[in-house]
Every structure is written in C-alpha cells, then in structure tokens.
Amino acid sequence: MAQTVNVGELTLPQLELLKGQLDQEVEFLSSSIAQLKVVQTKYVEAKDCLNVLNKSNEGKDLLVPLTSSMYVPGKLSDVERVLIDVGTGYYVEKTADDARDFFKRKIDFLTKQMEKIQPALQEKHAMKQAVVEMMSQKIQQLTALGAAQGATTKV
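**Student:** Help me understand the pairing of strand β2 (residues 70-75) in this model?
**Tutor:** Remember that side chains alternate between the two faces of the sheet whenever the strand is regular. Strand direction decides the pairing type here: strand β1 (residues 61-67) and β2, joined by six bridges, are antiparallel. Bridged to valine 64 within β2 is valine 72. With antiparallel pairing between neighbouring strands as the criterion, β1 and β2 make up a hairpin whose turn holds two residues.

Here it is in structure tokens:
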C-alpha cells in the first residue's frame, strides 16, 4: 500500500529524489498512453478499410503492399472474408462484419485502458507540481536565510 508523505517535512535532496521518481512515473504513464493510442489508431484504420469491401469493388485492380515501399498488382476477388492479424504472427479468417465487430471490441478495450491510466497520470502530474512548488519554497527560504545571515555577519 502507498505511503502518505507530507512534502513539507522533506528536505531539499529528498524532494529532488521524489521529483525524479515522479518524472519517471509520468514518463512511463505518458509512454503507455501513447503506445495504446498508436495501436488504437491502427485498429481504427483497419476498421475504416473494411468500408471498401463491398460488391461494387469486387474484381477491381489494386496494389498489394509487400513492404512499406514495394507493391504488386492484384485484384480484389473476395469482399466477404478477410484475414486479421491477431498477434504474434497468427491470422484468423473472418467475415467483414465479424472483422468490424472484432476491431470495435479492440478499439473499445484500448479506450478503456487509456481511461484507466489517465487519472493516474493526472495524479502524478499534480504530485509533481506540489513537489516542485515545495522545492521552490524551500529554496526561497534558504536564500532568505542565507541573506539574513550574511547581513548579520556584516554588522
């Protein structure tokens, strides 16, 4: 269970360590959300591509990508079934409607995961801001104390 710490009781070096830890956590959570968005975008694009699979496009010429910059000519022969990459090199044949449902479920799942992470990210941002403010206050106190001590030693 998480420990509650009053940042006002921490020393400046402890605050710096805490800020570093919070920076890492914020970076990790931000990176996680970014990765989920990339995957979600791929599923949205795949779902949108299913819209070209209709009877009027059957038999039309198309370019089949072999790599990101190399294509071969082909013909759209079957608009009823597609192969879906379900991960780790496995493909499943589905009807276009089943594929749409599959992509919708994946998009919804990823959206829920991002919604779970977002509050934690906001909380870490708020904690980091509180630590930075406390560090600033402590630095101001030390600066004022140093100035006051310097003034008394000159007298």
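**Student:** Explain the packing of aromatic side chains here, please?
**Tutor:** We describe a pair of aromatic rings using the distance from one ring centre to the other and the angle between the two ring planes. Tallied over the entire structure, the rule returns three aromatic pairs. Between tyrosine 43 and phenylalanine 102, the aromatic rings sit 6.4 Å apart at their centres with planes inclined by 80 degrees, giving edge-to-face as the arrangement. Remark: phenylalanine 102 occurs in helix α2 (residues 96-154) and tyrosine 43 occurs in helix α1 (residues 12-49); sequence separation between them is 59 residues. For phenylalanine 102, a relative accessible area of 9% translates into the label buried. Considering the side-chain rings of phenylalanine 102 and phenylalanine 103, the 5.5 Å spacing of their centres and the 70 degrees angle between planes classify their relative orientation as edge-to-face. We note that phenylalanine 102, like phenylalanine 103, is buried. What links up through ring pairs into an aromatic cluster is the set Tyr43, Phe102 and Phe103.

**Student:** Help me understand the pattern of salt bridges, please; the structure alone is not making it clear to me.
**Tutor:** Pairing between side chains of opposite charge can happen when their charged atoms approach one another. By the definition in use, this model includes ten salt bridges. Linking lysine 55 and glutamate 58 is a salt bridge whose minimum nitrogen-to-oxygen distance equals 3.7 Å. For lysine 55, a relative accessible area of 56% gives the class exposed. Aspartate 61 is the partner of lysine 75 in a salt bridge, and the nearest nitrogen-oxygen pair spans 2.8 Å. On the criterion of sequence distance, the pair formed by lysine 75 in strand β2 and aspartate 61 in strand β1 is long-range, its members being 14 residues apart.

**Student:** Teacher, can you tell me more about a nonpolar patch on the surface here?
**Tutor:** A contiguous nonpolar surface patch, about 380 Å² in accessible area, is contributed by Leu62, Val64, Leu66, Met70 and Val72. Sorting the residues of the nonpolar patch by element identifies β1 and β2 as the ones contributing at least two each. Considering each element in turn, the nonpolar patch owes the most residues, three residues, to β1. Examined against the element boundaries, leucine 66 turns out to sit in strand β1.

**Student:** Where do I start with unusual backbone geometry in this structure?
**Tutor:** The phi angle at threonine 88 is positive, at roughly 45 degrees, despite the residue not being glycine. Summarising the element assignment, threonine 88 is placed in the loop between β3 (81-87) and β4 (90-95). Relative accessible area serves as the criterion here: at 75%, threonine 88 is assigned to the exposed category.

**Student:** Just to check I follow, could you spell out the side chain of asparagine 57 for this structure?
**Tutor:** Mapping asparagine 57 onto the fold places it in the loop between α1 and β1. Judged by its relative accessible area of 18%, asparagine 57 falls in the buried class. There is a polar contact of 2.7 Å between the side chain of asparagine 57 and the backbone oxygen of valine 52.

Parameters at a glance
Residues numbered from 1 in each chain as written. Predicted model: local features only at pLDDT ≥ 70, side-chain atom pairs only at ≥ 80, totals over all residues. Heavy atoms only, no water. Pairing = 2+ DSSP bridges. Helix = DSSP H or I, 4+ residues; strand = E, 2+ residues; numbered from the N terminus. Phe/Tyr/Trp six-rings, centres within 6.5 Å; stacked < 30°, edge-to-face > 60°. Buried < 20%, exposed > 50% of the residue type's maximum accessible area, 1.4 Å probe, protein only. Salt bridge = Lys/Arg side-chain N within 4 Å of Asp/Glu carboxyl O. Patch = residues over 30% accessible without salt bridge, like charges linked within 9 Å, V, L, I, M, F, W, Y side chains within 5 Å. Areas by Shrake-Rupley, 256 points an atom, 1.4 Å probe, with all protein chains shown as cover. Polar contact = N/O pair within 3.5 Å; in protein donor to acceptor, adjacent residues only side chain to side chain.

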